[in-house]
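Report on the structure
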Amino acid sequence: MCGTVKLVNVEVENNAKMNFKHRKCLQTLCCAVLLAYSTLLLYQIIGDGNADVQNKISVNEQMDPKLYYHDRNLAEDRSQVDYERPQEVVTEIPTATATAKPPSATLQDIFISVKTTKTYHNKRLPIILKTWFQLARKQTWFFTDTDDMEFQTKTNGHMINTNCSSSHSRKALCCKMSVEFDTFLKTDKKWFCHFDDDNYVNVPRLVRFLGDYNPRDEWYLGKPSIQAPLEIVKKEKKVVRKIKFWFATGGAGFCLSRALAVKMKPFASEGRFISTGERIRLPDDVTMGYIIEHLLKQPLTVIDQFHSHLEPMKFIRRDMIEDQISFSYAKSKDEWNVVRIDGFSESEDQYRFLSLHCFLFPYFSFCPRRR
């Protein structure tokens, strides 16, 4: 009997040990599975966190203010900033937080006016018609003071007789500018760019330059010819006060956005430009600055790539030429103030416009072939 009991106890004890081993194995297996699941979950969390960090970095890089620095008082062409705006970045940033890129300008968006006079038709217009006019034949108009059938034909009907005086007086200059301005307003163009008949215009550069500005905003783009704002004395109801403002010299050229031109209408359209000029008794480019800077409180944005005959052309280096918008020339005593560039002889190309044009656009038929 006792032997039987002992055998039963041994068997129970063996079963208990076996069950304990099974439970232990099962627990070990469960722990291993739990550890593997925890490791996988932790890896996924870390991976998602890194992805979030990468996304945040990407957004921060896209929102770098250098890409969208938009200061209308900036005294340089923004396309010269070392950091160029990547095209793809603009489209990827949410519109709710991004500064919209202005629509790129095309040649068809620009109205180019050239002020001239009958005295200079034969002296100055032929070189313009042979060079840069060929790059903007439909966009360029000449405003003069007489009918001239020869140049009317050569310009494809783009000569406009303003019926203004042929003198270089203040009133005559304002009269022509008034006609230029009103003619632009009658078009659907987005930009009004004025130049003189002694300017060479780098047309493709002008188009690229205006592509950085939005014509729906009010832009007054040009370059002053003085070192400080112009100061004039104005009398109103026996009260004398001084007024200061900048103006872009017409001799270098300047551009106005359509938004600004429309805002100028009460002071400049339908002949009012002439009366405004008469009130301050100053020429056309100064009157333009007076209306924009003083009356409308819209500051001039200084663009160094516009050049007039009032500055030394010789300091425009050869490696800088492609980036400039306008050039000019003048004669002081026995010396010509012209761009220093090789090409045609001085007798063939006194103003250096032929040489300049062939440097920029060597494919023209009259240009000497480069070896």
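Overview of the structure. (Residues numbered from 1 in each chain as written. Predicted model: local features only at pLDDT ≥ 70, side-chain atom pairs only at ≥ 80, totals over all residues. Heavy atoms only, no water.)

On to the packing of aromatic side chains. Pairs of aromatic rings are described using the distance from one ring centre to the other and the angle between the two planes. Scanning the entire structure with this criterion turns up 21 aromatic pairs. Ring geometry for F361 versus Y363: centroids 6.2 Å apart, planes at 70 degrees, classification edge-to-face. The class of Y363 is exposed, set by a relative accessible area of 56%. Taken together, the ring pairs in this structure connect Y200, F327, Y329, W336, Y351 and F353 into an aromatic cluster. (Phe/Tyr/Trp six-rings, centres within 6.5 Å; stacked < 30°, edge-to-face > 60°. Buried < 20%, exposed > 50% of the residue type's maximum accessible area, 1.4 Å probe, protein only.)

Right, let's talk about the pairing of strand β8 (residues 239-245) for a bit. Direction of pairing for strand β7 (residues 230-236) relative to β8: antiparallel, over a ladder of seven bridges. The residue of β8 that forms the bridge with V233 is K242. (Pairing = 2+ DSSP bridges. Helix = DSSP H or I, 4+ residues; strand = E, 2+ residues; numbered from the N terminus.)

For helix α10 (residues 353-360), the buried fraction is high: eight of the eight residues fall into the buried class. Taken residue by residue, α10 has F353, L354, S355, L356, H357, C358, F359 and L360 as its buried positions. Elements that come into contact with the buried residues of α10 comprise α3 (121-130), β5 (200-201) and β11 (326-327). (Contact = heavy atoms within 4.5 Å.)

Bringing the state of the cysteines into the picture now. Throughout the structure, instances matching the rule amount to three disulfides. A sulfur-sulfur distance of 1.9 Å marks the disulfide that ties C164 to C175. What sets the handedness of the C164 and C175 disulfide is the S-S torsion sign, and at about -75 degrees it is left-handed. Here C164 is found in the loop between β3 (159-161) and α5 (170-185), whereas its partner C175 is found in helix α5, with eleven residues between them in sequence. There is a disulfide in this structure between C358 and C367, and the S-S distance comes to 2.0 Å. Every disulfide takes its handedness from the sign of the S-S torsion; for C358 and C367 that torsion is -85 degrees, giving left-handed. (Disulfide = S-S within 2.5 Å.)

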